[in-house]
Amino acid sequence: MIEQIQKYLGDEASYYLEHTSTTIPKAALTSPSSDTVSEVFAHTDRNNQVLRSMQSMLDHGRLGGTGYVSILPVDQGIEHAAGASFAKNPAYFDPENIVKLAIEGGCNAVASTFGALALTSRKYAHKIPFIVKINHNELLTYPNQFDQIMFGSVREAWEMGAAGVGATIYFGSDQSTRQIQEVSQAFQQAHELGMFTVLWCYLRNPDFKVGGIDYHTAADLTGQANHIGVTIEADIIKQKLPDTNGGYKALNMEGSSYGKTDNRIYTELTTEHPIDLARYQVANCYMGRIGLISSGGASGANDFADAVKTAVINKRAGGMGLISGRKAFQRPMDEGAKLLNAIQDVYLCKDVTLA
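Right, let's walk through the structure included here. The model shown is predicted, which means the values in this text are computed figures rather than measured ones.

## A few points about helix H8 (residues 114-124)
Okay, so step 1: Those residues of H8 that sit buried are Phe114, Ala116, Leu117, Thr120, Ser121 and Tyr124. Seen from one end, H8 has its buried residues packed into an arc of 155°, which puts them on one side. In H8, the exposed positions that point more than 90 degrees away from the buried face belong to Leu119 and Arg122.
Okay, so step 2: Packing partners of the buried residues in H8 comprise helix H7 (95-104), strand S2 (109-112), strand S3 (130-133) and helix H9 (154-159).

## Overview of the layout of surface pockets
Okay, so step 1: In this model, the largest pocket occupies a volume close to 540 Å³.
Okay, so step 2: What lines the largest pocket is a set of 28 residues, among which His80, Tyr202, Arg204, Lys240 and Arg326 lie closest to the centre.
Okay, so step 3: Listed by contribution, the elements that provide at least two residues to the lining of the largest pocket are helix H5 (76-79), strand S6 (164-171) and strand S7 (196-203).
Okay, so step 4: For the lining of the largest pocket, the element with the most residues is S7, which contributes three residues.
Okay, so step 5: When grouped by side-chain class, the residues that make up the lining of the largest pocket number eight nonpolar, twelve polar and eight charged.

## Overview of the pairing of strand S1 (residues 69-74)
Along any regular strand the residues' side chains alternate between the sheet's two faces.
Okay, so step 1: Burial runs high along S1: six of the six residues are buried.
Okay, so step 2: The two faces of S1 match: Val69, Ile71 and Pro73 on one face and Ser70, Leu72 and Val74 on the other face are all buried.
Okay, so step 3: Of the strand pairs in this sheet, S1 and strand S12 (residues 321-323) are connected by three bridges, and their pairing is parallel. Bridging from a neighbouring strand, Ile71 pairs with Ile323 of S12.
Okay, so step 4: Pairing between S1 and S2: four bridges, direction parallel. Note on S2: the bridge partner recorded for Ile71 is Ala109.

## Side note on the packing of helix H14 (residues 274-283) against helix H15 (residues 303-317)
Okay, so step 1: Contact pair H14 / H15: the axes reach a minimum separation of 8 Å and the direction vectors enclose 55°. When the axes of H14 and H15 are compared, the pair comes out oblique. Note on packing geometry: the crossing formed by H14 with H15 is right-handed. Contact residues: Pro274, Ile275, Ala278, Arg279 and Val282 in H14; Ile313, Arg316 and Ala317 in H15.
Okay, so step 2: Here the residues of the contact of H14 with H15 are counted per class, giving six nonpolar, no polar and two charged.

## Considering empty space enclosed by the protein
Okay, so step 1: Counting across every chain of the model gives one cavity of 30 Å³ or more.
Okay, so step 2: Of the volumes computed, that of the largest cavity is approximately 90 Å³.
Okay, so step 3: Together, 15 residues line the largest cavity, and Pro32, Thr36, Gly288, Arg289 and Gly291 are the ones closest to its centre.
Okay, so step 4: Residues of the lining of the largest cavity, tallied by class, amount to six nonpolar, eight polar and one charged.

## Quick look at the environment of Ala13
Okay, so step 1: Within the fold, Ala13 resides in helix H2 (residues 13-17).
Okay, so step 2: Spatially, the C-alpha atom of Ala13 lies 34 Å from that of Asn97, the residues being 84 residues apart in sequence.
Okay, so step 3: Leave out the neighbours within four places in its chain, and Ala13 touches Gln6 and Glu18.

## A few points about the pairing of S6
Okay, so step 1: Burial analysis of S6 places eight of its eight residues in the buried class, the great majority of the element.
Okay, so step 2: The alternating pattern of S6 places Gly164, Gly166, Thr168 and Tyr170 and Val165, Ala167, Ile169 and Phe171 on opposite faces, both of which are buried.
Okay, so step 3: As judged from the three bridges shared by S3 and S6, these two strands associate in the parallel manner. Its bridge partner being in S6, Ile131 is matched across the sheet by Gly164.
Okay, so step 4: Between the parallel pair S6 and S7, the chain is carried across by helix H10 (residues 176-192), and the sense of this crossover is right-handed.

## A look at the packing of H15 against helix H17 (residues 333-348)
Between two packed helices, both the angle of their axes relative to each other and the distance between the axes serve to describe the pair.
Okay, so step 1: Between H15 and H17, whose axes approach to 9 Å, the crossing angle comes to 25°. On the basis of their axis angle, the class for H15 and H17 is roughly parallel. Our pair here, H15 against H17, has a crossing hand that is right-handed. Within the contact between the two elements, H15 uses Asp303, Phe304, Ala307, Val308, Ala311, Val312, Asn314 and Lys315 and H17 uses Glu335, Lys338, Leu339, Ala342, Ile343, Val346 and Tyr347.
Okay, so step 2: Considered class by class, the residues forming the contact of H15 with H17 number ten nonpolar, one polar and four charged.

Cut-offs applied
- Residues numbered from 1 in each chain as written.
- Predicted model: local features only at pLDDT ≥ 70, side-chain atom pairs only at ≥ 80, totals over all residues.
- Heavy atoms only, no water.
- Buried < 20%, exposed > 50% of the residue type's maximum accessible area, 1.4 Å probe, protein only.
- Helix = DSSP H or I, 4+ residues; strand = E, 2+ residues; numbered from the N terminus.
- Arc of directions from axis to C-beta.
- Contact = heavy atoms within 4.5 Å.
- 1 Å grid on protein atoms, 1.4 Å probe; cavity = no way out; pocket = protein on both sides within 12 Å on 5 of 7 lines; lining within 4 Å.
- Points joined across faces, edges and corners; volume = space filled by probe spheres on them.
- Nonpolar A, V, L, I, M, F, W, Y, C, P; charged D, E, K, R; others polar.
- Pairing = 2+ DSSP bridges.
- Axes fitted to C-alpha atoms, helices over the stretch in contact; angles between N-to-C directions.
- Parallel < 35°, antiparallel > 145°, perpendicular 65-115°, else oblique.
- Left-handed = near helix turned anticlockwise from the far one by under 90°.
- Right-handed = clockwise from strand over helix to strand, strands pointing away.

Taken by themselves, the reported measurements are silent on function.
Have a look at this one:
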């Protein structure tokens, strides 16, 4: 298994697989394990039904019993428009194929829209854990606006048999305060009904691009988004991999005043290595007590290699898994399942260790 992973990483294999982190020590982290629910969530205010729902997801699929998760998320029909998302593979206009891919690919759970999961719930909700995405950004309003709005109720998700609910907050946007309040209230209701919660912690503000550098994926800014996310009791945080740092510094140039930071974030708690940047994200998730899953990103020319690299960075940083959609569903189902399996192999491989 490690040989295949090394093959996907190519010349970068040693860079990612042999890196030793000297920032936040691995001993300080709560790492994913088969006892995550008992060791972490059983001591929280989550009720027994939430614990059961979390355990059902962690026990499902090829990663069942490891503490790691592989989730298929297909909400792009709303977030990125159905035609733009499914034109490469029109079979996925039919939501049953989304669920079938998650099952064939050995995923722990499938995340999608109210409509997609409601249409398939009686046939599949007892066969694979459902995560209902309760809010979306839609791109039909003219001119386009970027705001996450509720598409249904938490109770509706519960009634279709969902194990969990997911939501997005655009941190840094003009609408973020309202979104934080809406999602916080929704997550409280989800917990009351016995469902776990997953938060897409994304940054959104055109001013986060400074001097030609996009700081939407800066470790310091995404780390703080994660910390707000766990504060409103997300049980799992979904975040994009950090590929830069110094967002606070960039936004405070030329006499402006934005947020607060500490130089030790950049000199002691992170380095330029992708695994160390991702570890800072994990640290902001209560030192790993709340699992961090990384986004698989858009489909491209080297999907298998890119997906495996992302999984290696996430696992070695202390993350909980990968949530990969477009790389999997924008190709034939057998290839999509193979890609999901390649991701899962990283988490099954004992030679890929915590850095």
